[in-house]
Amino acid sequence: MHTVITFGTFDVFHIGHLNILERAHALGNRLIVGVSSDALNLRKKGRLPVYSQQERMAIIRGMKYVDHVFLEESLELKADYIEAHHAKMLVMGDDWKGKFDHLSSLCEVVYLDRTPTISTTSIIEVIKQR
Ligand code: C2G
């Protein structure tokens, strides 16, 4: 069993999110996703996501690329989550490049290119301007 783990907020789900889940899924045979909690977002970004953690988890759980979803309560707990889920590989978008290299003693750490030009923030801006 080659388990891949990835993390994200996945707020206002968009094609960049789908692309990374599809590519992460292709790198193993089981994909586990840690969806960051509302409290974590409030702490780290100073605002709540548009969609609640229950909605964001339900959306990710519904993706055909995803085998299991759990709540990511802290950015500093990645080592525990990797061990608890027996992950062989951590996949993150390259906006996190280098940030998780210290976890390479636990599993392979891979950064994938982000999908250009799209983000939750840019979608919110487009909607605001309409
Ligand atoms: N992503 C991407 N292309 C985009 C936008 C996002 O590939 N255009 C990727 C990000 O690189 C990330 C995943 O989609 O790997 C989720 O993105 P976010 O929801 O922005 O996640 P973030 O808030 O960065 O994660 O431990 C990480 C935390 O959970 C926070």
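Here's a quick rundown of the structure. (Residues numbered from 1 in each chain as written. Predicted model: local features only at pLDDT ≥ 70, side-chain atom pairs only at ≥ 80, totals over all residues. Heavy atoms only, no water.)

### Topic: the packing of aromatic side chains
Put simply, the rule is: Each Phe, Tyr or Trp ring (for Trp, its six-membered ring) is paired with any other whose centre lies within 6.5 Å, and the angle between the two planes then decides the class: stacked below 30 degrees, edge-to-face above 60, tilted in between. Helix and strand assignments follow DSSP, with helices taken as H or I runs no shorter than four residues and strands as E runs no shorter than two, numbered in order from the N terminus. Relative accessible area decides the class of each residue, using a 1.4 Å probe on protein chains only: under 20% of the type maximum gives buried, over 50% gives exposed, and in between gives partly exposed. Cation placement over rings: the criterion is NZ of Lys or CZ of Arg within 6 Å of the ring centroid and within 35° of the ring normal.
Per the counting criterion, the structure on display carries 4 aromatic pairs. Plain terms: the ring middles of Phe 70 and Tyr 81 are 4.9 Å apart, the flat faces sit at 45° to each other, and that makes the pair tilted. Remark: Tyr 81 occurs in helix 4 (residues 78-84) and Phe 70 occurs in strand 3 (residues 68-72); sequence separation between them is 11 residues. Judged by its relative accessible area of 11%, Tyr 81 is buried. Positioned above the aromatic ring of Phe 7, the side-chain terminus of Lys 78 is 4.6 Å from the ring centre.

### Quick notes on the site of the ligand
Our working rule: By convention in these notes, a residue is near a molecule or strand provided one of its non-hydrogen atoms lies within 4 Å of it. Under the rule applied, a polar contact is a pair of N or O atoms within 3.5 Å (in protein, one hydrogen donor and one hydrogen acceptor; residues adjacent in sequence only if both atoms are side-chain atoms). Computed with a 1.4 Å probe, the accessible areas rest on the Shrake-Rupley method; for each residue, only the protein chains presented here act as cover. Residue classes follow a fixed rule: Ala, Val, Leu, Ile, Met, Phe, Trp, Tyr, Cys and Pro count as nonpolar, while Asp, Glu, Lys and Arg count as charged, and any other residue, Gly among them, counts as polar.
Around the ligand, 20 residues are found, and the nearest of them are Lys 45, Glu 72, Lys 78, Asp 95 and Ile 118. Taking Lys 45, its side chain carries an N or O atom lying 2.7 Å from an oxygen atom of the ligand. Interatomic distance of 3.0 Å between a side-chain N/O atom of Trp 96 and an oxygen atom of the ligand. Calculation on the ligand without its partners gives an accessible area of 630 Å², and the protein chains cover 94% of this total. Sorting the residues of the shell around the ligand by element identifies strand 1 (3-8), helix 1 (15-26) and strand 4 (89-93) as the ones contributing at least two each. The element that contributes the greatest number of residues to the shell around the ligand is helix 1, accounting for 3 residues. Among the residues forming the shell around the ligand, the class breakdown is 7 nonpolar, 8 polar and 5 charged.

### Digging into the pattern of salt bridges
Put simply, the rule is: Salt bridge criterion: a side-chain nitrogen from Lys or Arg within 4 Å of a carboxyl oxygen from Asp or Glu.
On inspection of all chains with the given rule, the structure shows 5 salt bridges. A salt bridge links Lys 44 to Glu 76, with the shortest nitrogen-to-oxygen separation between them at 3.6 Å. One end of the pair, Lys 44, is in helix 2 (residues 38-45); the other, Glu 76, is in the loop between strand 3 and helix 4, with 32 residues separating them in the sequence. Assessed through its relative accessible area of 46%, Lys 44 is described here as partly exposed. Taking the relative accessible area as the measure of exposure, Glu 76 reaches 59% and is therefore exposed. In this structure, Lys 78 engages Glu 72 in a salt bridge whose closest nitrogen and oxygen atoms are separated by 2.8 Å. Lys 78 sits in the buried class, given a relative accessible area of 3%.

### Description of the nonpolar core
Cut-off, in case you're wondering: By nonpolar core is meant a set of buried Ala, Val, Leu, Ile, Met, Phe, Trp, Tyr and Cys residues that side-chain atoms within 4.5 Å join together. The contact rule is simple, with two residues in contact once any of their heavy atoms fall within 4.5 Å.
Counting residues in hydrophobic clusters, the biggest one holds 17 residues, and the most contacted among them are Leu 21, Val 33, Ile 60, Val 66 and Val 91. Put simply, the parts of the chain that give this core at least two residues each are helix 1, strand 2 (30-36), helix 3 (53-61), strand 4 and strand 5 (108-112). With residues up to four places along the chain from it excluded, the contact list for Ile 60 reads Phe 10, Phe 13, Leu 21, Val 33, Val 35, Val 66 and Val 69. Judged by nonpolar contacts, the second largest core, of 14 residues, contains Phe 7, Phe 100, Leu 103 and Tyr 111.

### A closer look at helix 3
Owing to its 3.6 residues per turn, the α-helix aligns residues three or four sequence positions apart on the same side. Quick reminder of the rule: Think of it as the arc spanned by the lines of direction from the helix axis to the C-beta atoms.
Every buried residue of helix 3 is listed here: Gln 53, Arg 56, Met 57 and Ile 60. One side of helix 3 carries all its buried residues, which in axial view fall inside an arc of 95°. Buried residues along helix 3 sit in contact with helix 1, strand 2, helix 2 and strand 3.

### Focus on helix 2
Inspection of helix 2 places Asp 38, Leu 40 and Asn 41 among the buried residues, and these make up the whole buried set. Seen end-on, helix 2 carries its buried residues on one side only, within an arc spanning 155°. In this fold, the buried residues of helix 2 make contact with strand 2, helix 3 and strand 3. Downstream of helix 2 by a residue or two, Gly 46 has a phi angle that is positive, lying close to 75°.

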